[in-house]
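# Breakdown of the fold
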Amino acid sequence: MSATAKTTAPPANAVAKDAHWAATQERLRNRTLPTATLTICDDLDARQSLDVARYALRRIEGEAADRPGDQAVKDAVAKAKADMETAQGAFDKASIILTFRALPRLEFEALKKAHPATEEQAEDGHDLNVESLGPELIAAASVDGMPVEAAREFLDTWSEAEAAALFNAAWNVQETTRMDLGKG
């Protein structure tokens, strides 16, 4: 390379593109992994009250759309919103919220490889042993610090639907995407 080539400044558009890429790259590196929550509420009254309050609010908001100037309807909407907030507060107080975060891809792949399907599961077309993977995945993805032993206990003792919801919360966050590929 000649001495003149070493001192030549890069074209301004290349510098501008590089600066843009540097900023974009920084934003990409600072992204957080997706999270998901599983809300557990054993208080049937709190769940039903919230459902009723939501329904009442939707119904009165529909009526308000048809009667925009009616003060009585506006007052009913305000009351329904207050009732819904109260019901939501009671529901939130009675609930347990578990939070799960997606694992880095290589960590998730290693976890899946560590739990291959048994011969019988493989014959049924499965790639993974969900029974052994479940507690490990739940514990690894848990933001709340759920130990493997607790995850195993919950999977073994909760109803089938609730155990599936727990596993699915940890599994599905691994498949969450926050991207739009556009129309190209």
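What you are looking at is a predicted structure, and each value in this text was computed from that prediction instead of being measured.

## Quick look at the layout of surface pockets
Space inside the largest pocket adds up to approximately 280 Å³. Along the wall of the largest pocket there are 13 residues; nearest its centre are Ile40, Cys41, Asp42, Trp158 and Glu162. Secondary-structure elements contributing two or more residues to the lining of the largest pocket are strand E1 (35-41), strand E2 (95-101) and helix H9 (160-172). No other element matches E1, which puts four residues into the lining of the largest pocket. Among the residues forming the lining of the largest pocket, the class breakdown is nine nonpolar, one polar and three charged.

## As for the packing of aromatic side chains
Under the definition given, this model contains three aromatic pairs. For the ring pair Phe108 and Trp171, a centre distance of 5.3 Å and an interplane angle of 65° mean the geometry is edge-to-face. Of this pair, Phe108 sits in helix H5 (residues 105-113) while Trp171 sits in helix H9, and the two are 63 residues apart along the sequence. Take Trp171: its relative accessible area is 17%, and that puts it in the buried class. Ring centres 5.9 Å apart and planes at 20° place the aromatic pair Phe167 and Trp171 in the stacked group. Here Phe167 pairs with Trp171, and both are found in helix H9, just four residues apart, close to one helical turn. The buried category is assigned to Phe167, whose relative accessible area is 13%. An aromatic cluster of at least three residues, connected via ring pairs, comprises Phe108, Phe167 and Trp171.

Rules used throughout
Residues numbered from 1 in each chain as written. Predicted model: local features only at pLDDT ≥ 70, side-chain atom pairs only at ≥ 80, totals over all residues. Heavy atoms only, no water. 1 Å grid on protein atoms, 1.4 Å probe; cavity = no way out; pocket = protein on both sides within 12 Å on 5 of 7 lines; lining within 4 Å. Points joined across faces, edges and corners; volume = space filled by probe spheres on them. Helix = DSSP H or I, 4+ residues; strand = E, 2+ residues; numbered from the N terminus. Nonpolar A, V, L, I, M, F, W, Y, C, P; charged D, E, K, R; others polar. Phe/Tyr/Trp six-rings, centres within 6.5 Å; stacked < 30°, edge-to-face > 60°. Buried < 20%, exposed > 50% of the residue type's maximum accessible area, 1.4 Å probe, protein only.

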